Amino acid sequence: MIILKALLKQLFGVKYERIIKSLIACLILFLAVNIAGINMEIAPSILFLTATALSAGIMWQALHSSGNSDRMAGMFMLPFTNREMTFSFVLAFTVYTLITKTFPVLALFFAVHEWSVLQKAVSLLCACNGCFIAAAWCTMTNESSRRKKKRLILYLVLWCVGMLMAVFFVHEIKIFASIVLISLFLSFLRLLVVDAYVFCRPVSAKLLIRNTKGTGSILLYLMRYLITNKNYLMNTAGLCMVGGILPMILIQFEGVNVMTLGFAILCLNTPICILLSCNPDLEQAVRVLPRQAGRFCTYYSFFIFSVNVAVISVYLISWQIQHGGVGGMEIMAAVLIALQSAVMSVMLEWFWPIRNWKIESDLWQHPRKYIVPLIMLLIAGLISMWPVGICFLLCIVLVEVISLSFIIRRI
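Model, not experiment: these values are computed from the prediction.

Cut-offs applied
Residues numbered from 1 in each chain as written. Predicted model: local features only at pLDDT ≥ 70, side-chain atom pairs only at ≥ 80, totals over all residues. Heavy atoms only, no water. Helix = DSSP H or I, 4+ residues; strand = E, 2+ residues; numbered from the N terminus. Buried < 20%, exposed > 50% of the residue type's maximum accessible area, 1.4 Å probe, protein only. Contact = heavy atoms within 4.5 Å. Areas by Shrake-Rupley, 256 points an atom, 1.4 Å probe, with all protein chains shown as cover. Phe/Tyr/Trp six-rings, centres within 6.5 Å; stacked < 30°, edge-to-face > 60°. Lys NZ or Arg CZ within 6 Å of the ring centre and 35° of its normal. Patch = residues over 30% accessible without salt bridge, like charges linked within 9 Å, V, L, I, M, F, W, Y side chains within 5 Å. Salt bridge = Lys/Arg side-chain N within 4 Å of Asp/Glu carboxyl O. Axes fitted to C-alpha atoms, helices over the stretch in contact; angles between N-to-C directions. Parallel < 35°, antiparallel > 145°, perpendicular 65-115°, else oblique. Left-handed = near helix turned anticlockwise from the far one by under 90°. Nonpolar A, V, L, I, M, F, W, Y, C, P; charged D, E, K, R; others polar. Expected span 1.5 Å × (residues − 1). Arc of directions from axis to C-beta. Core = buried A, V, L, I, M, F, W, Y, C linked by side-chain atoms within 4.5 Å. Disulfide = S-S within 2.5 Å.

### Re the overall build of the protein
Alright, step 1. Summing up its helical and strand segments, the protein has 18 helices and 0 strands in all.
Alright, step 2. Scored against the burial criterion, the 411 residues of the protein give a buried share of 46%.
Alright, step 3. Partitioning the contacts of the protein with sequence separation of at least 6, the portion at a separation of at least 24 is 84%.
Alright, step 4. Split by element, the accessible area of the protein, about 20,700 Å² in all, is 71% carbon and sulfur.

### Some points on the packing of aromatic side chains
The description of an aromatic ring pair rests on the distance of the ring centres and on the angle between the ring planes.
Alright, step 1. Tallied over the full model, the rule gives 4 aromatic pairs.
Alright, step 2. Between W60 and W137, the ring centres sit 6.4 Å apart and the planes meet at 80°, which makes this aromatic pair edge-to-face. Note that W60 is positioned in helix 3 (residues 44-63) and W137 in helix 6 (residues 117-141), a separation of 77 residues in sequence.
Alright, step 3. The ring centre of F110 lies 5.4 Å from the NZ or CZ of K120, which sits over that ring.

### Side note on a nonpolar patch on the surface
Alright, step 1. A surface patch of nonpolar side chains, about 640 Å² in accessible area, is lined by I46, V157, V161, L164, M165, F168 and F169.
Alright, step 2. Tallying contributions element by element places helix 7 (residues 146-169) first for the nonpolar patch, with 6 residues.
Alright, step 3. The topology assignment puts I46 in helix 3.
Alright, step 4. Looking at I46, the relative accessible area reads 38%, which means it is partly exposed.

### Comments concerning the packing of helix 15 (residues 328-351) against helix 17 (residues 371-383)
Alright, step 1. The interhelical angle for the contact between helix 15 and helix 17, taken along N-to-C directions, is 155°, at an axis separation of 10 Å. It follows from the interaxial angle that helix 15 and helix 17 lie roughly antiparallel. The chirality of how helix 15 crosses helix 17 is right-handed. Listed contacts from helix 17 to A333, I337, Q340, S341, M344, S345 and L348 of helix 15 are I371, V372, I375, M376, I379, A380 and I383.
Alright, step 2. Broken down by class, the residue content of the contact of helix 15 with helix 17 amounts to 11 nonpolar, 3 polar and no charged.

### Looking at helix 17
Alright, step 1. End to end, helix 17 covers 19 Å across 13 residues, agreeing with the expected 18 Å (1.5 Å per residue, within 8%).
Alright, step 2. Regarding helix 17, the residues found buried are V372, P373, M376, I379, A380 and I383. Looking down the long axis of helix 17, one finds its buried residues gathered within 120° of arc, a one-sided arrangement. The exposed residues of helix 17 that point more than 90 degrees off its buried face are L374 and L378.

### Some details on the environment of E41
Alright, step 1. For E41, the location among the structural elements is in the loop between helix 2 (17-35) and helix 3.
Alright, step 2. The spatial distance from the C-alpha of E41 to the C-alpha of V112 is 8.3 Å, given a sequence separation of 71 residues.

### Here's the deal with the side chain of T52
Alright, step 1. Tracing the backbone through its elements, the reader meets T52 in helix 3.
Alright, step 2. T52 gets classed as buried once you look at its relative accessible area, which sits at 13%.
Alright, step 3. Beyond its immediate sequence surroundings of up to four residues, T52 is in contact with C126 and G130.

### Some remarks on helix 3
Alright, step 1. Taking 1.5 Å of rise per residue, the 20 residues of helix 3 would be expected to cover 28 Å, and the 28 Å separating its terminal C-alpha atoms lies within 8% of that figure.
Alright, step 2. Taken residue by residue, helix 3 has S45, L47, F48, A51, T52, S55, I58, M59, W60, Q61, A62 and L63 as its buried positions.

### Overview of the packing of helix 1 (residues 2-12) against helix 5 (residues 82-112)
Alright, step 1. It is the contact of helix 1 with helix 5, at a shortest axis distance of 9 Å, that shows an interaxial angle of 30°. Taken together, the axes of helix 1 and helix 5 are roughly parallel relative to one another. The two elements helix 1 and helix 5 meet at a crossing, and its hand is right-handed. Residues I3, L4, L7, L8, L11 and F12 of helix 1 lie in contact with helix 5, whose contacting residues are E84, M85, S88, F89, L91, A92, F93, V95, Y96 and T100.

### What about the nonpolar core?
Alright, step 1. Formed by 57 residues in total, the largest nonpolar core has its most connected members in M59, L63, F176, L191 and F199.
Alright, step 2. Sorting the residues of this core by element identifies helix 1, helix 2, helix 3, helix 5, helix 6, helix 7 and helix 8 (173-193) as the ones contributing at least two each.
Alright, step 3. A per-element tally of this core places helix 5 first, with 14 residues.
Alright, step 4. Setting aside chain neighbours within four positions, we find M59 in contact with V90, F93, T94, T97, C131, A134 and A135.

### Remarks on the environment of Y16
Alright, step 1. Here Y16 is to be found in the loop between helix 1 and helix 2.
Alright, step 2. Distance in space between the C-alpha atoms of Y16 and K5 is 9.8 Å, their sequence separation being 11 residues.
Alright, step 3. Not counting chain neighbours up to four residues away, the residues in contact with Y16 comprise K5, L8 and K9.

### Digging into the state of the cysteines
Alright, step 1. Scanning the model with the defined rule gives 0 disulfides in all.
Alright, step 2. The cysteine C128 is free of any disulfide, with C131 supplying the nearest cysteine sulfur at 6.5 Å.

Note that every value here comes from positions in space, so none of it alone points to a role or purpose.
What follows is the structure, given as structure tokens:
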């Protein structure tokens, strides 16, 4: 209990004040939506799938947070037993995931549809199951033996496929609840035999910019940082998949030029836009070393712009294959929106970085991430209003020049 309390205080504050704030926010959200009278028909399978997948995803991000290396380094200096450390770590992050991330989403589900008490209880059980599956997956992927690791991952894939089939094809809720309990029990058995040190990840990507004359070293650092953090690559790959299917969704809005709206949507790549917030060592080095700030922000803008262009290119290719009509004006709009999004994201990071976060999932879910995409949606909407959009393109070019000059002069 000592280790569990220590971890909970690191995640929720000394007096667990963040728990109260999160629960109050969930209550306000539930009452606001419920009083508004919003009703939706939702299948129980969607509720159970959302609770499981959301909790598993957030738990995975929490377990792979870079802050865990320092947190666990201090914990391993205390006397502990292997199982005590393992279950304290898993339970602490499970509580964090459920209270701060899963409960708000479940509050929305409970507010817009009438659920039975048993369905609500099973959804909470699914959320816990998702957290424990993510913890078990983490231990399996960190296995040292390569042959054993492949076998364990195969078992885990079959396990997850079985859970998905149960969500969609088992309609008797009591039988489904029994399957979820069995899955929880399997996770429990797996965690009983793992080494607690499997959760202690080495400190990565804490590199400082030492070569002040090598302008390419900044881009090299950013590329290495992106490759080192697999979650960032997965998020970018997910956006590419969204870009492939987005034309099929947007084309349903007949009579409206919605192609440019996809450019703004695909700029919502939160992980690459929070590099200074999630890496205090890098921020300190950039702010302290002479003439590094302007150089870093310039290359950081180019880095985000390159990623945005790569994702939007998938979207444009998919649109051309499915519907056609991609011309020079659309390509120019895509480039300018990607550039403006990159510049504004860097400005937010430099002048208003996110502070007082516990783990990196707090950064991924921070409301600040919606500021730039919303502005880009407004710009995309104006661009789509031809011929007003043609004039607005020229205004964007002017905004780009002013933004870049502002960064260079202020820094």
